[in-house]
Amino acid sequence: MRQRSIDGIVRPKGVHHSLMRILLYAVLGLFCLYYLIPLIVMISTSLKSLEEIRQGSLLSLPRSVTFDAWAKAWSAACVGVRCNGLAPYVWNSVLMTAPAVFISTLLGAMNGYALTKWRFRGADTIFALMLFGAFIPFQVILLPMARMLGLMGLAGTIPGLIFVHTVYGLAFTTLFFRNFFMGVSDGIIQAAKVDGASFFGIFFRLVLPMSLPAIVVTVIWQFTQIWNDFLFGVAFTIGDSNPVTVALNNVVNTSTGVKEYNVDMAAAIIAALPTLAVYVIAGAYFVRGLSAGAVKG
Amino acid sequence: MVKEGNNAKRLRQALEQRLPQIVVAPLFAASMFFVYGFIGWTAYISLTKSGVMPDYTLTGIGQYVRLWSTPRWYVAIGNLFIFSSLFIAIALAIGVLLAVLLDQRVRAEGVIRTIYLYPMALSFIVTGTVWKWMLNPGLGLERLVRQAGWENFRFDWLVNSDYAIYTVVIAAVWQSSGYAMALFLAGLRSVDDEVLRAAAIDGAGPWRTYTGIILPILRPVFLSTVIILAHLAIKSFDLVIALTGGGPGYATDVPATFMYSFAFQRSELGVAAASATMMLMTVVAIIVPYLYSELRKTGR
């Protein structure tokens with residue numbers, strides 16, 4: 001009964017209704033095209049020869065598929081003056097992202113756990129102060145961080161970038177875990193405390209295993225953020241230690257020689273592939289991260 | 001011996017009790033140092049006459065005076081204003097429209113939602129690269145339309161100083177409007193069925209139900225979406241760099257690229273620090289009241 005009364009508003013019956021449904025799907029379909037066309041253009045351009053790009057049109061599919069542009073983007077495209085392709089920079093991004101995601105997630109989990117399940121005076125204030133760090137425009141810390149990395153001997157290195165991403169990722173990871181632990185009942189943890197389990201004992205044996213959903217959301221969020229980062233990469237690394245986003249931008253904006261759009265597009269797909277794959281495989285968790293990023297309690 | 005054992009035990013217990021604080025303390029200290037300490041450093045430098053190297057003698061607001069008499073800064077602020085208002089308005093409109101449409105018991109909703117939202121998983125550099133290719137006047141959209149028969153069609157916004165900033169809006173809306181859709185859809189799904197039933201009993205049509213009842217209920221969602229989009233807009237740096245490089249000339253500079261250019265290319269630390277401080281103050285004005293109300297709401 002209740003269901004039907006709602007049906008009444010959202011789906012009235014009759015010819016008018018079917019027309020509206022057709023219109024609805026038409027609009028939704030058009031927007032699908034709007035979001036998909038750049039991806040399709042990117043893929044089809046990357047599979048064309050430069051000759052075909054000059055003669056054909058933006059939207060035409062490749063007449064003869066060639067993977068030359070991919071090969072070149074991967075191992076021969078010029079990033080500035082070096083022409084080794086994107087491969088070494090993809091590796092840089094992997095070396096930077098994996099530890100930064102792992103460390104910031106682990107520390108965030110511990111922090112969120114301590115702040116919610118072992119409440120002490122000032123815990124809320126500490127959280128509020130830390131949370132602010134997630135929202136500052138990073139331009140405001142670029143200059144001192146550049147000097148700091150210099151002092152630490154980490155200027156222009158991948159460990160330096162790992163450090164920066166861990167420090168500024170902490171606010172977000174703490175936020176995710178705090179929100180998750182707020183929803184976990186204190187009962188089990190109280191019981192464990194009564195049984196004499198220690199802070200770390202409870203954390204590793206009880207809390208971590210049950211926070212798998214929060215871990216997945218956080219890891220995906222951090223992975224996407226850090227892999228896609230450009231600002232820290234361009235400000236704190238030079239040449240050989242560039243992450244892939246910086247290298248991609250250099251490939252595209254290398255002004256010498258003929259503009260090779262097919263290589264640019266292949267390079268863009270290579271840089272995008274890891275985060276796209278994660279999105280396709282674990283989209284639901286990605287969306288949860290996005291809405292948690294909206295600071296919903 | 002026994003006494004010592006007791007002491008050790010008591011020490012361990014005391015330590016155990018303090019462990020939560022001991023774990024949080026270094027993380028908190030790090031964030032105090034790297035967030036607030038660094039903000040303080042930048043703000044301090046903005047009050048000195050630092051040039052290529054930092055100079056720690058305070059000289060007052062000279063750098064701000066210089067900043068506000070730099071024509072390029074006005075271009076950056078003007079662009080940020082144009083970009084963020086258009087970006088927020090369009091992304092919001094598309095977001096609401098798509099969320100409402102998707103809320104009509106649509107078949108294959110999951111697939112459609114996935115398609116709408118995937119650009120959010122991309123780096124802004126990737127988005128910029130793609131749109132740079134599609135919008136380039138030589139081989140991109142312009143030629144596509146000409147091939148379709150409109151021989152005199154011109155679309156050179158990307159290289160036109162007066163219009164280049166609008167190409168940034170186009171690419172940013174493409175990337176982030178799905179995010180606005182997701183936030184609204186979540187909001188729509190949280191509206192109580194009772195409200196809908198009451199509306200149906202009152203005989204309100206679909207249009208009235210949405211404009212008169214549901215959307216007003218979602219006012220908080222509007223607010224948080226606007227704030228999130230504004231926050232994205234103020235921080236946008238990568239997209240501008242990848243799409244236009246701030247050019248032609250500095251026609252598409254925004255505060256983020258302005259600061260980067262003065263800090264790392266022109267080595268004018270004082271002006272760079274002053275512009276970074278201005279950016280921070282803008283974000284604080286938007287974010288702090290929002291965070292405050294959000295935290296108070298979820299509270300305890």
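The following paragraphs examine the structure supplied in this document. No experiment lies behind these values; they were computed from the predicted model shown.

Cut-offs used in this document
Counting starts from 1 at the beginning of each chain's written sequence and moves along it residue by residue. Chains and ligands are labelled by the order in which they are written, letters from A for the one and numbers from 1 for the other. In view of the model being predicted, local features appear only for residues whose pLDDT reaches at least 70, and side-chain atom pairs are presented and counted only at 80 or more, with totals across whole chains, interfaces and linings using the full set of residues. Calculated side-chain values reflect all of the structure's heavy atoms, with hydrogen atoms and water omitted. Salt bridges, as used here, are contacts in which a Lys or Arg side-chain nitrogen is within 4 Å of a carboxyl oxygen on Asp or Glu. Numbering of helices and strands starts at the N terminus; helices are DSSP runs of H or I of at least 4 residues and strands are runs of E of at least 2. Each residue gets one of three labels from its accessible area relative to the maximum for its type: buried under 20%, exposed over 50%, partly exposed in between, using a 1.4 Å probe on protein chains only. The rule is simple: put a 1 Å grid over the protein atoms alone, call a set of points where a 1.4 Å probe fits but cannot get out a cavity, call an open set with protein on both sides within 12 Å along at least five of seven lines a pocket, and count a residue as lining if it has an atom within 4 Å of a point. Grid points are joined across faces, edges and corners, and a volume is the space filled by probe spheres set on the points. Contacts between residues were defined by any pair of non-hydrogen atoms, one from each residue, lying within 4.5 Å. Buried area: the accessible area, evaluated with a 1.4 Å probe, that two parts lose upon being put together, summed over both parts. Pairs of N or O atoms within 3.5 Å make up the polar contacts considered here, provided that, within protein, one atom can donate a hydrogen while the other can accept it, and that residues adjacent in sequence are counted only when both atoms are side-chain atoms. Throughout this entry, Asp, Glu, Lys and Arg are counted as charged residues, while Ala, Val, Leu, Ile, Met, Phe, Trp, Tyr, Cys and Pro are counted as nonpolar. The remaining residues, Gly among them, count as polar.

### Some details on the pattern of salt bridges
Then comes step 1: By the definition in use, this model includes 12 salt bridges over all chains.
Then comes step 2: Between Arg178(A) and Asp124(A) there is a salt bridge, with the nearest N and O atoms lying 3.7 Å from each other. In this pair, Arg178(A) is assigned in helix α8 (residues 158-182) and Asp124(A) in helix α6 (residues 123-132), connecting sequence segments 54 residues apart.
Then comes step 3: Accessibility expressed as a relative area gives 6% for Arg178(A), which makes it buried.
Then comes step 4: The closest approach of N and O atoms between Glu194(B) and Arg197(B), which form a salt bridge, is 3.9 Å. Within this pair, Glu194(B) and its partner Arg197(B) are both found in helix α8 (residues 193-201), separated by three residues, close to a single helical turn.
Then comes step 5: Taken together, the salt bridges that share partners define one network made up of Asp103(B), Glu109(B), Arg113(B) and Arg189(B).

### Some thoughts on empty space enclosed by the protein
Then comes step 1: On inspection of all chains with the given rule, the structure shows four cavities of 30 Å³ or more.
Then comes step 2: When its volume is computed, the largest cavity comes out at roughly 930 Å³.
Then comes step 3: Surrounding the largest cavity, 40 residues form its lining, Phe138(A), Trp221(A), Gln225(A), Leu232(B) and Lys235(B) being those nearest its centre.
Then comes step 4: If you list the elements that add at least two residues to the lining of the largest cavity, you get α8, α11 (212-228), α12 (231-236) and α14 (261-292) of chain A together with α7 (164-189), α10 (219-235) and α13 (269-298) of chain B.
Then comes step 5: With six residues, α11(A) is the largest single contributor of residues to the lining of the largest cavity.

### A short note on the interface of chain B and chain A
Then comes step 1: Taken together, the contacts link 103 residues of chain B with 98 residues of chain A.
Then comes step 2: Interface of chain B and chain A: buried area, both sides summed, is about 9,100 Å²; carbon and sulfur atoms make up 75% of it.
Then comes step 3: Scanning the region where chain B abuts chain A turns up 21 residue pairs in polar contact (both at pLDDT 80 or more).
Then comes step 4: Tallying contributions element by element places helix α1 (residues 2-45) of chain B first for the side of chain B that touches chain A, with 17 residues.
Then comes step 5: Taken together, the residues of the side of chain B that touches chain A break down into 71 nonpolar, 17 polar and 15 charged.

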